[in-house]
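Residue-level listing of the chains:
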Amino acid sequence: MAKKLQIKDLNFKYALGDRYVLRGIDLELDAGEKVLLSGISGSGKSTLLKVISPMTSPRGGRSGSVLIDGTDVRDMPRLDITSKVAYVAQNPENGIVVDTVYGELAFCCENIGMNREEVRRRVAWTASYFGIEDILKRKISELSGGQKQIVSLAAAIMLKPEILLLDEPTTYLDPIQAVRFLDLVDNLNRDFGMTVIVAEHRVESFAGRFDRVVKIEEGVLLDMDVRTSFNETDMFYERVFALNDGAVNTGDPAVSVKNLEFRYAKDGPNVLDGANVDIPKGSIYALLGANGCGKTTFLRCLTCELKPQRGNVKIRSQCAAMTQNPLSMFIEETPEKDYRFFLKQKGFKKEEADARISEVAEKLELTEDILKTNVLDLSGGETERAAMAKLLLAGADVLLFDEPTKGLDSAAKAKLTGIMKELAERGITIIFVTHDVGFALSTADRAGVLSAGSILE
Amino acid sequence: MVAGMSLKRIFAYIAIVLLIPAIIVVFAAVLPKSLFMPVAVLIALTAVLAFMLGFEKEADNASKAVLVAVFTALSVAGRVVFAATPGFKPVFSIAIFAGIYLGGEAGFLVGALTALISNFVFGQGAWTIFQMFSWGLIGLAAGLLAPLLRKSKVALCIAGALAGPLFSLIIDVWSTVWIYGTFSLKTYLATTLASLPFTILHAISNVVFLLLLAEPMRKAMARVTVKYALMTSGESLKRRSKI
Amino acid sequence: MHCFRRYHPITKIAYFAVLFAIAMFSENPLIRVLSLAGALAALAAGGSSFKRLLKIAAGGVITVLVMGPVNCIIFHEGRTVLFRVFGAAVTAEAFLYGLSAGVMIVGTAVWCIFLTDETDSEDLVFTLGRVLPGVSAVITVTLRYIPEIIKKYRETLAAQRMVGIFDGKKFFVRAVVATKVFMSVTERSVENAMDTAFIMRARGYGLRRRVSASYKKWREEDTVMTLLTVTGAAAFAFGEISGLLGFTYYPAAEFGSVSLSAAALAMVCALFFALPALTALDGRIRWQKSFKSRT
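Remember, it's a predicted structure, so these values are computed and weren't measured experimentally.

1. Considerations on the sheet that holds strand 11 (residues 253-262) of chain A
The strands making up a sheet are joined through hydrogen bonds of the backbone, oriented either antiparallel or parallel. Residue and element names in this part refer to chain A. Strand order across the open sheet formed by three strands is 12-11-14, with antiparallel pairing between neighbours. Whereas interior strands pair on both sides, the edge strands pair on one side only; in this sheet they are strand 12 (272-280) and strand 14 (310-315). Here the strands of the sheet are splayed against their neighbours by 10° on average, with no regard to which way each runs. Contacts from helix 10 (residues 295-302) reach strand 11, strand 12 and strand 14 within the one sheet, and its direction differs from that of strand 11 by about 120°.

Following this line, the structure appears as structure tokens:
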């Protein structure tokens, strides 16, 4: 019997590039097999997933072949490929097409002109299978990131595909949402025998779920043997609290929060209910906590964006904050232009501004090349650092971050750790809220957990 | 990806841009109110539907469909986020850019859909159809003048300054008949004078937004063209630097 | 309670089309007053707050009071001359016409508020989806983008505020930054559009002629409402063509006909205008019954 999916000696280069992104890829998958495709960003894993189906394939030079059930995909009718191969994008913001959940689920079926009654039945079934019946009539804009990604998966499998391709589907999800999402993928695989390929750079924490792990390196596919480790994202808070044992309090705190209370509605529950924390100058403070525990609210109280009903926040020096999406820090085309405009508004002369920019750029390892690149072309790590530079240019020595590792791969995270530590040594205080326990453990020198409205240390 | 239009089509569109408003004015002066209103609604409705029907085939192209959607969304969102400053909105300028970069038909659609969709927020009413028609005409006209508007900023400014008053003048014909029951120079003047401050504000804000958005739009469309040539999502465009 | 909202989009479109035709084209002051009354009743029964109704009423009264004199300045026809200003006649007929036009404008405006309350973009997508599936697809994508763009705009503006770009700055700087934010959001949104196009292709967009699916369904009430709408339209059309519902302002204000059949036709129009309010009342009663049975 022919394999479900066969990739034979596949080579690919983009229309505007001269380098082969994929070189001699050979991969065979049985029906119902589940494969994890690992590799650092830029290794070609996304490209591989896209090249499989001619419906999603980018333009460029391609040689070799892709066979589904023994038939070359280029000889198959386009309708067949569309219904056999489903694709889920990395970012749920870009992976959803229309405005309502119902419309999104029906989208595939509408495109192929399916009978209306059949569309209704399929939507009904899919919604109950994924447990999203309660949000079926909602607008996409009202959903959380995790819900969006589940809707995106549900929409992709409406045509009962046999092969499911997922491009780093959990990058923008928090750990709990990620687990829920991968469980759903497991269910699809188990219940319907779907063949699954998931591209992912966090191999260790997910490898246990897969039949096989392959690795793509510089466009070449290698088999990989991973031992699953269970400690990668340590769910136990002991190690987090242990961070504080080694920390020594020196002098006045840079940030001091006393009995902070905040609620959004007049008679609503207190989101922050007597939160206390002292953070010394030059330390890196990680604030952890489950979804919806009020981490972002806490941060917004620190930036004075929200005024607490009780308690007070004392920050001894200038503080500046970065939102979850570092791209929103920029309003000009390139980082350099943006810094210039910003410093001009702040009243700096051109020479002064130049001096400051080069000083900060050096600290954050921002090369001339990065400074002059359109912000839309920067990688996640580069955008993050370029945005941090803006905080430093604002003259801040208390930096606040909301989920700084969102969307970053492990190499970018390691670099961020190094830079944060270096800044802390120069006396800059860093506070970040995160779900990423691993990052907090490797970066922070003290940590707190926000729960039931107060901070535990 | 700008639609290459045949000469015949261009003539047809020039006829639409110039003739229909002229016909409306003549009808307004000649026909009694009870006849003019249905006729005017019918003309506007037919024009809007005709353009939508014309776009129906182009909508099969995902990239084109999405670009029309994003332009429309930008101008509706612009109407919302600049709600605090009356008259100072990027609506017309985005319809003009849509005409320039996506072609006259898409420009018409962006203008028309902006009116239709934003009125779900700002109030739907009988005027919606006339608004759709006249905003659409602005996008269409920009599409016809695209080669000129793309080259010269002065032309762009003049077009923007004229677009606002043009729109008001068309709308005013209809509101005159509606309010006063007859169309005469006197009643028409009374209506136009009442809306004069807004018309002037419109003209100014159009020019400002056109000048400000010209560069970002050009660059964004240049980038999109490259991306479209690759027919793929963002990642492939990004430089392959480590981290 | 928004009871009119639950009707099928096609029912709603038919009703509002006929409604606006009557409300805007009728010259008859009686019909105009009935339309205004119906519109206000619809809003009130729909559960609009007293404050909102008061605001609307105040605006309405001002419009009506302004339109009377304005029309007198422009028109000097009419038999009943009240007085003369610089030789120009100010007539009762012109004043009446102005008041009547004011009532029509306010009536239409209130109906528009009601229309905006009771319809949403899903009705539009549904209706267009049947005729123009491609355009309706474009609209749904647009509707997905709009909140996204507004969110991006607000987020970016907030990020600028947080690094202190506005500290002690005048209105002008704020305007410049706000416009720049809009510009950068424009660039980012156009860029992201191609990613959406990619997903659309992956989901088979453009492969075949689209159908438009929806969970909306045609109920018995829709048939009833459509029949009532047709009745209203027929009554009005008959009244206009036969002149029974006509009205002349100049040279003297006069009803087209004062007769039993004219009154009957006006009654039908009044009932037609009252349909939304009646629907809302009916919905209330049903709700009360169901609510009481629970406790």
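2. Re the interface of chain B and chain C
Taken together, the 66 residues of chain B in the interface contact 56 residues of chain C. With both chains or domains summed, chain B and chain C bury close to 5,300 Å², and 78% of this area falls on carbon and sulfur atoms. At the junction of chain B and chain C, the tally comes to one salt bridge. In this structure, the salt-bridge partner of C:Glu191 is B:Arg223, at a minimum N-O distance of 2.7 Å. Inspection of the chain B/chain C interface yields six residue pairs in polar contact (both at pLDDT 80 or more). At the level of elements, helix 2 (33-58), helix 3 (62-81), helix 5 (104-122), helix 8 (153-180), helix 9 (185-194) and helix 10 (196-230) of chain B are the ones that each hand at least two residues to the side of chain B that touches chain C. Of the residues belonging to the side of chain B that touches chain C, the class tally is 45 nonpolar, 14 polar and seven charged.

3. A short note on the environment of C:Lys12
All names here are of chain C. Within the secondary structure, Lys 12 is located in helix 1 (residues 9-25). Residues Lys 12 and Val 131, spaced 119 residues apart in sequence, show a C-alpha to C-alpha distance of 17 Å. Among all residues touching Lys 12, those that are not within four sequence positions of it are Phe 4, Arg 5, Tyr 7, Glu 118, Thr 119 and Asp 123.

4. Examining the sheet that holds strand 2 (residues 22-29) of chain A
Residues and elements named next belong to chain A. The sheet built from four strands is open, its strands ordered 2-1-4-5 with antiparallel pairing. Single-partner strands in this sheet number two, and they are strand 2 and strand 5 (71-72). As paired strands, strand 1 (residues 5-14) and strand 4 (residues 60-68) are joined by eight bridges and run antiparallel to one another. Across the sheet, the residue bridging to Leu 5 is Ile 68, located in strand 4. Each of strand 1, strand 2 and strand 4 touches helix 1 (residues 45-52); the most contacted strand, strand 1, lies at about 115° to it.

Each value, and the rule that gives it
Residues numbered from 1 in each chain as written. Chains lettered and ligands numbered in written order. Predicted model: local features only at pLDDT ≥ 70, side-chain atom pairs only at ≥ 80, totals over all residues. Heavy atoms only, no water. Pairing = 2+ DSSP bridges. Helix = DSSP H or I, 4+ residues; strand = E, 2+ residues; numbered from the N terminus. Axes fitted to C-alpha atoms, helices over the stretch in contact; angles between N-to-C directions. Contact = heavy atoms within 4.5 Å. Buried area = accessible area lost by both parts, 1.4 Å probe. Salt bridge = Lys/Arg side-chain N within 4 Å of Asp/Glu carboxyl O. Polar contact = N/O pair within 3.5 Å; in protein donor to acceptor, adjacent residues only side chain to side chain. Nonpolar A, V, L, I, M, F, W, Y, C, P; charged D, E, K, R; others polar.

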